Amino acid sequence: MFDDPAALTAHDAPQSLWNRLARQTPQPDPFCALTAWQLSFRDAMDPGRPYIVRYNEDGLVQFALHVLGTTPVLGPIERLWLFGCNVLGPAGPDLLEQLVDEIPAVSGNRCTRFGISGVDPEGVLALELRKRFEGRCSILLLREDVQGAASLVGGLDGFLSRRSPSFRRNLRNSERRATNVGVQFERHCPTTPDESDAVFRRMITVEQKSWKAGGGMDEGFSSVFYAAMLRRLSASRDGRVVLATRDGEDVGFIFGGMIDAIYRGQQFSFADACRDLSLGNLLQREMIAWLCEQGAERYDLGPARGPFMDYKASWAELEFPMESWVLSV
C-alpha cells in the first residue's frame, strides 16, 4: 500500500507530473502544492514517514501516514500549515475516491480518515468533493486560513497606486534614509545547488544578527526546510532572493519562489542594529520592483490573519479563503 521512499525521485523535478498538475489546479496557495514545498517539508520533518502517491496523466493525490493515538490517518505530506492542495488535477477526485474505497489497513487498523489541505471553499474541487462524498462520509472542517496577496498588475507604479498616500510617503522617506547610510540591494536567482547554498549561508548570517536569532531560519527544522526548498528552486530557476548590504556587510534578506507568474513570499529578516532603517519594508519594495520587471502578476504573502500578521494588511489587498478538511469514512 505505501510507496518505496525512492519512488519520490521521479516526482522531484521541476517539470514532473506532480509539479505540472500543481500549476494547473486552481487553489489559494499554488506554490505550496509544488514538490519544492511538500518534499522539502518531508526532508526536514518526516524523512521516514510512510506515504502514498497515486497518479495518472490527469491527476495526482499524495498522503502521508499519521497516527493520532492508535488511529491511523492519511493526511498531506506537509502537515504543519496545510497550505498546498494534495488533490491535484481534474482526475484527482477520482484517485481520491479509489483510495477511500480501498480503505488501507495499518497495523490491523483501518485508515478511515483522509486529510485534504489547501482547498478553495467555493472552488471546483470543493464542489466536486462535496458532490462525491457528502452522504457517504463526514466532511469535517479542520482549519480555515486566508491567503493574503497583492496584485502586481501595472508594475511597481500600479502596486504603489493601490497603497495609501501615507504608505507611499513613509516608503520614500525610508528609501532616502537607507540610501544616505549606504544601504544597497543585491538580487539573486540561484541556478545550482552550490549557488543556492552560498546565498542561504548569507541569509543565515543575517538571521543570526536579527531579532529572531535562535528562533528563525538559523536553527533546526526551519534551516533544513528552507535550504532544501531553495536548492529545489535552483533547478527551475524559480528562487528569488534579495540581500541588503551596508559597508560590505549583509544586513537584510527577503526570499521566496515563483510558480508561473505568481511569487510566494517565504521569509525576510534584517540585522537588529538596522531596525531604524525600515529594512523590512525596503526589502519588500525591492523584491516587488524586481518581480514587476520580470512580469509577475501576483505576490502571495501567506496567511493574512493571526498573530504577527498585521503588517500584511498594508501590502496585500487581495484575500483568498482556504480550508483543510477531514473525510471520515
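Structural notes, computed from the coordinates. (Residues numbered from 1 in each chain as written. Predicted model: local features only at pLDDT ≥ 70, side-chain atom pairs only at ≥ 80, totals over all residues. Heavy atoms only, no water.)

### Overview of the overall build of the chain
Right, so step 1: In terms of regular secondary structure, the chain is built from nine helices and 14 strands.
Right, so step 2: Scaling as 2.2 N^0.38, a compact globule of 329 residues should have a C-alpha radius of gyration of about 20 Å, and the chain matches this with 21 Å.
Right, so step 3: Every one of the 329 residues in the chain was classed for burial, and the buried ones make up 54%.
Right, so step 4: By sequence separation, contacts in the chain at least 24 residues apart represent 74% of the contacts at least 6 residues apart.
Right, so step 5: A total accessible area of about 14300 Å² is found for the chain, and carbon and sulfur atoms account for 49% of it. (Helix = DSSP H or I, 4+ residues; strand = E, 2+ residues; numbered from the N terminus. Rg over C-alpha atoms; globule rule 2.2 N^0.38 Å. Buried < 20%, exposed > 50% of the residue type's maximum accessible area, 1.4 Å probe, protein only. Contact = heavy atoms within 4.5 Å. Areas by Shrake-Rupley, 256 points an atom, 1.4 Å probe, with all protein chains shown as cover.)

### Some thoughts on unusual backbone geometry
Right, so step 1: A positive phi angle, close to 60 degrees, is found at L82, a residue other than glycine.
Right, so step 2: Here L82 shows up in the loop between strand 3 (71–75) and strand 4 (87–88).
Right, so step 3: We classify L82 as buried; its relative accessible area is 11%.

### Notes on the nonpolar core
Right, so step 1: Among the nonpolar cores identified, the biggest contains 62 residues, and L96 and M203 are the most heavily contacted of them.
Right, so step 2: The element best represented in this core is helix 8 (residues 220–236), accounting for six residues.
Right, so step 3: When neighbours within four sequence positions are excluded, L96 is seen to be in contact with V61, F63, V87, I116, L129, F133 and L327.
Right, so step 4: F159, V242, F270 and A271 belong to the second-largest nonpolar core, a separate cluster that totals 34 residues. (Core = buried A, V, L, I, M, F, W, Y, C linked by side-chain atoms within 4.5 Å.)

### Details of the side chain of D145
Right, so step 1: Positionally, D145 belongs in strand 8 (residues 138–151).
Right, so step 2: Residue contacts for D145: discarding those within four places in its chain leaves W81, F83, F320, P321 and M322.

### Thoughts on the layout of surface pockets
Take a probe with the size of a water molecule and roll it over the atoms, and the empty space left behind shows itself.
Right, so step 1: Estimated volume of the largest pocket: approximately 910 Å³.
Right, so step 2: Looking at the largest pocket, it is lined by 33 residues, and the ones nearest its centre are Q266, Q267, M309, Y311 and K312.
Right, so step 3: Going through the elements one at a time, strand 8, helix 8, strand 11 (249–259), strand 12 (262–270) and strand 13 (298–303) are the ones with two or more residues in the lining of the largest pocket.
Right, so step 4: Per-element tally for the lining of the largest pocket: the top contributor is strand 12, with five residues.
Right, so step 5: Among the residues making up the lining of the largest pocket, the classes are represented as 17 nonpolar, nine polar and seven charged.
Right, so step 6: Put simply, the second largest pocket is a space of about 250 Å³.
Right, so step 7: Taken together, 13 residues form the lining of the second largest pocket, with H66, L68, V73, G75 and L142 sitting closest to its centre.
Right, so step 8: For the lining of the second largest pocket, the secondary structure elements donating two or more residues are strand 2 (59–68), strand 3, strand 7 (113–119) and strand 14 (318–328).
Right, so step 9: Tallying contributions element by element places strand 7 first for the lining of the second largest pocket, with three residues.
Right, so step 10: For the lining of the second largest pocket, the per-class residue count stands at eight nonpolar, three polar and two charged. (1 Å grid on protein atoms, 1.4 Å probe; cavity = no way out; pocket = protein on both sides within 12 Å on 5 of 7 lines; lining within 4 Å. Points joined across faces, edges and corners; volume = space filled by probe spheres on them. Nonpolar A, V, L, I, M, F, W, Y, C, P; charged D, E, K, R; others polar.)

### Brief notes about the pairing of strand 3
Right, so step 1: Across the five residues that make up strand 3, a large majority, four, are buried.
Right, so step 2: Here strand 2 pairs with strand 3 via five bridges, running antiparallel. Residue pairing in the sheet places L68 in a bridge with T71 of strand 3.
Right, so step 3: With antiparallel pairing between neighbouring strands as the criterion, strand 2 and strand 3 make up a hairpin whose turn holds two residues, including G69 at a positive phi of roughly 70 degrees. (Pairing = 2+ DSSP bridges.)

### Digging into the pattern of salt bridges
Right, so step 1: The final tally for this structure, using the stated rule, is 28 salt bridges.
Right, so step 2: Note that E249 and K209 form a salt bridge whose closest N and O atoms lie 2.8 Å from each other. Of this pair, E249 sits in strand 11 while K209 sits in the loop between helix 7 (193–207) and helix 8, and the two are 40 residues apart along the sequence.
Right, so step 3: Taking relative accessible area as the criterion, E249 reaches 40% and is therefore assigned partly exposed.
Right, so step 4: Put simply, D300 and R298 hold a salt bridge, and the shortest N to O gap is 2.6 Å.
Right, so step 5: With relative accessibility at 15%, the residue R298 sits in the buried group.
Right, so step 6: One salt-bridge network, held together by shared partners, links D94, E97, D101, E128, K131, R132 and R136. (Salt bridge = Lys/Arg side-chain N within 4 Å of Asp/Glu carboxyl O.)

### Structural notes on helix 2 (residues 35–45)
Right, so step 1: Within helix 2, nine of the 11 residues are buried, which leaves the element mostly enclosed by the surrounding structure.
Right, so step 2: In this structure, the buried side of helix 2 is in contact with helix 1 (17–24), strand 1 (51–56), strand 2, helix 8 and strand 12.

### Quick notes on the packing of helix 3 (residues 92–102) against helix 4 (residues 124–133)
Right, so step 1: Packing of helix 3 against helix 4 brings their axes to within 11 Å, and their N-to-C directions diverge by 35 degrees. Judged by the sense of rotation from one axis to the other, the crossing of helix 3 with helix 4 is right-handed. Within the contact between the two elements, helix 3 uses P93, D94, L96, E97 and V100 and helix 4 uses L125, E128, L129, R132 and F133.
Right, so step 2: Of the residues belonging to the contact of helix 3 with helix 4, the class tally is six nonpolar, no polar and four charged. (Axes fitted to C-alpha atoms, helices over the stretch in contact; angles between N-to-C directions. Left-handed = near helix turned anticlockwise from the far one by under 90°.)

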